[in-house]
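Here is how the chains run, residue by residue.
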Amino acid sequence: MDERTKADVDELIARAAKDLVKSEYAIALTGAGISTESGVPDFRGPSGVWTKNPEAERRAYQGYQNFINDPKAWWLERLASRASGPLGNLEEVNPNAGHRALVSLESMGILRCVITQNVDGLHEKAGTRNLLEFHGNFRKLRCIRCESRFGRGEFDLNALAREGRLPPTCPRCGGIVKTDSVAFGEPIPQYVMRRSLIEAERCDLILICGTSAVVYPFASLPRVARQSAMNSSHPLTIVEVNAEPTALTYDGISDYLIRGKTGEVLPKVAELAVGLTV
Ligand code: NAD
Ligand code: ZN
């Protein structure tokens, strides 16, 4: 990065810290980019899983339809495959400085909620308290009827497979149980959708971290927030922290983009915010 660009980035970091401290109800929206520095690949960045292997993207779109057509076969295939999936072994990864900076902002009472698209559980592991996992969590299972979520350990999946009792069923309503991670083509669970819309409509600042903002309906949240702020004439600042510009940058949905790594930018923002509040 040349000196001029670095000065511009530093200026925007200072601006974001001020905007956060001034805000009354800030939220963060995060995507795969915030976890790349923990060693989890994203999908569409330069080294993304799909950038390197477009066939994997085509396959991903069929997953949910296969589940609906034959949940038993879907579960059997899943249990038989020993591969850890396109994101690697998520049990072994740890939060990075970007996740921790969001925890600091939350504990300062500035950040009120984190809504993430990530399924890696790293915000929870870092200690974020008010968290909405828009696309679920790889460690959990979910009933597709009543939306109850369960730890994987609550079902003995291998025993169910041996006894021919797959798919697992919900102890509360008898509905079919699936992995919690939301597949392409699968509706967002209503509870998380409703809560996310409420957060988007009420916030006055959004910190968008590491998302290409092309996956809908998640990518509509900043747009909903913009519309709602316009309708009710309340102030709204949208800040992006991303390695590259996104549709939100080009469409003028965000006020400014801090171009850089979330693991480097967010800790600086949080540190400056601490300085401004003491
Ligand atoms: P994406 O891959 O479409 O976009 C990631 C964006 O982050 C890109 O613009 C990239 O340039 C940027 N980026 C990468 N590393 C960065 C860094 N260190 N700092 C700043 N920016 C960085 O990701 P998405 O928008 O989240 O959409 C992918 C979908 O796939 C999500 O909906 C999610 O459910 C799923 N996914 C999840 C994980 C995970 O749980 N960690 C990983 C990959 C994909
Ligand atoms: Zn149920």
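Residues numbered from 1 in each chain as written. Chains lettered and ligands numbered in written order. Predicted model: local features only at pLDDT ≥ 70, side-chain atom pairs only at ≥ 80, totals over all residues. Heavy atoms only, no water.

**Q** I'd like to hear about the overall build of the protein chain, residue by residue, with values.
**A** A tally of regular secondary structure across the protein chain gives twelve helices and nine strands. Taken along its principal axes, the extent of the C-alpha atoms in the protein chain is 65 × 40 × 35 Å. Taken as a whole, the protein chain presents about 13,800 Å² of accessible surface, with 51% of it coming from carbon and sulfur. Looking at the protein chain, you have 34 positive and 34 negative side-chain charges, and the mean spots of the two groups are 4 Å apart. (Helix = DSSP H or I, 4+ residues; strand = E, 2+ residues; numbered from the N terminus. Areas by Shrake-Rupley, 256 points an atom, 1.4 Å probe, with all protein chains shown as cover. Lys, Arg positive; Asp, Glu negative; His and termini not counted. Charge placed at Lys NZ, Arg CZ, Asp CG, Glu CD.)

**Q** Now, about the packing of aromatic side chains: what can you tell me, with residues and values included?
**A** Applying the stated criterion to the full structure yields seven aromatic pairs. Centroid distance Phe-134 to Phe-218: 5.2 Å. Interplanar angle 80°. Geometry classified as edge-to-face. Taken as a pair, Phe-134 in the loop between strand 3 (131-133) and strand 4 (140-143) and Phe-218 in the loop between strand 7 (205-209) and helix 10 (220-232) lie far apart in primary sequence, 84 residues in all. Geometrically, the ring pair formed by Phe-150 and Phe-155 is edge-to-face, given 5.3 Å between the ring centres and 85° between the ring planes. When its relative accessible area of 2% is taken as the criterion, Phe-150 is described as buried. An aromatic cluster is present here, built from Tyr-64, Phe-67, Trp-74 and Trp-75 joined pairwise through their rings. (Phe/Tyr/Trp six-rings, centres within 6.5 Å; stacked < 30°, edge-to-face > 60°. Buried < 20%, exposed > 50% of the residue type's maximum accessible area, 1.4 Å probe, protein only.)

**Q** Describe the site of ligand 1, and please don't skip the residues or the numbers.
**A** In the region of ligand 1, 28 residues are neighbours, and Arg-44, Gln-117, Asp-120, Thr-211 and Ser-212 sit closest. Note that a nitrogen atom of ligand 1 is positioned 2.9 Å from one of the side-chain N or O atoms of Thr-36. Within the contact set of ligand 1, an oxygen atom lies 3.5 Å away from a backbone nitrogen or oxygen of Gly-210. In isolation ligand 1 has 860 Å² of accessible area, and contact with the protein removes 95% of it. Split into classes, the residues belonging to the shell around ligand 1 amount to nine nonpolar, 13 polar and six charged. (Near = heavy atom within 4 Å. Polar contact = N/O pair within 3.5 Å; in protein donor to acceptor, adjacent residues only side chain to side chain. Nonpolar A, V, L, I, M, F, W, Y, C, P; charged D, E, K, R; others polar.)

**Q** Please give an account of the coordination of the zinc ion (ligand 2) that cites residues and values.
**A** Metal coordination angles in their ideal form are 109.5 degrees for the four-donor tetrahedron and 90 or 180 degrees for the six-donor octahedron. Here the zinc ion (ligand 2) is held by the protein donor atoms Cys-143 (SG), Cys-146 (SG), Cys-170 (SG) and Cys-173 (SG), which lie 2.3 to 2.4 Å from it. Here the zinc ion (ligand 2) is ringed by four donor atoms whose angles at the metal span 98 to 115°, and the overall shape comes out tetrahedral. (Donors = N, O, S within 2.8 Å, 3.2 Å for Na, K, Ca; no water. Tetrahedral: all angles 85-135°; square planar, octahedral: opposite > 155°, others 65-115°.)

**Q** Quick one: what's the story with empty space enclosed by the protein, residue by residue and with numbers?
**A** This model, assessed by the stated rule, comprises one cavity of 30 Å³ or more. In this model, the largest cavity occupies a volume close to 30 Å³. Taken together, Leu-29, Ile-208, Thr-211, Ala-213, Phe-218, Ala-219, Pro-222 and Leu-248 make up the full set of residues lining the largest cavity. For the lining of the largest cavity, the per-class residue count stands at seven nonpolar, one polar and no charged. (1 Å grid on protein atoms, 1.4 Å probe; cavity = no way out; pocket = protein on both sides within 12 Å on 5 of 7 lines; lining within 4 Å. Points joined across faces, edges and corners; volume = space filled by probe spheres on them.)

**Q** Which residues make up the domain arrangement of the protein chain, and what values do they have?
**A** Often, the extent of an interface is quoted as the loss of accessible area upon association of its parts. Domains assigned within the protein chain are domain 1 (1-40 + 94-138 + 187-278) and domain 2 (43-86 + 140-179). Relative to domain 2, the C-alpha centre of domain 1 lies at a distance of 29 Å. In this complex, domain 1 contributes 13 residues to the contact, which on the side of domain 2 involves eight residues. Taken together, the two surfaces of domain 1 and domain 2 that pack against each other cover about 790 Å², and 40% of this comes from carbon and sulfur. Of all residues in domain 1, the largest losses of buried area upon contact with domain 2 belong to Asn-137, Phe-138 and Pro-189, amounting jointly to 39% of the total for that side. If you look at where domain 1 meets domain 2, you find two salt bridges. Here domain 1 and domain 2 share six residue pairs in polar contact (both at pLDDT 80 or more) between them. Of the residues assigned to the side of domain 1 that touches domain 2, the class counts are six nonpolar, four polar and three charged. (Domains from an automatic or database assignment. Contact = heavy atoms within 4.5 Å. Buried area = accessible area lost by both parts, 1.4 Å probe. Salt bridge = Lys/Arg side-chain N within 4 Å of Asp/Glu carboxyl O.)

**Q** I'd like a description of the sheet that holds strand 3, backed by residues and values.
**A** If you walk across this open sheet you meet the six strands as 3-2-1-7-8-9, and the pairing is parallel. The open sheet is flanked by strand 3 and strand 9 (256-259), the only strands paired with a single partner. On average, adjacent strands in this sheet sit at an angle of 15° to one another, irrespective of strand direction. Packed onto the sheet, helix 6 (residues 97-107) meets strand 1 (26-30), strand 2 (111-116) and strand 7 and runs at close to 145° relative to strand 2. In the packing of helix 10 onto the sheet, the strands contacted are strand 1, strand 2, strand 7 and strand 8 (237-242), and the crossing angle to strand 7 comes to about 165°. (Pairing = 2+ DSSP bridges. Axes fitted to C-alpha atoms, helices over the stretch in contact; angles between N-to-C directions.)

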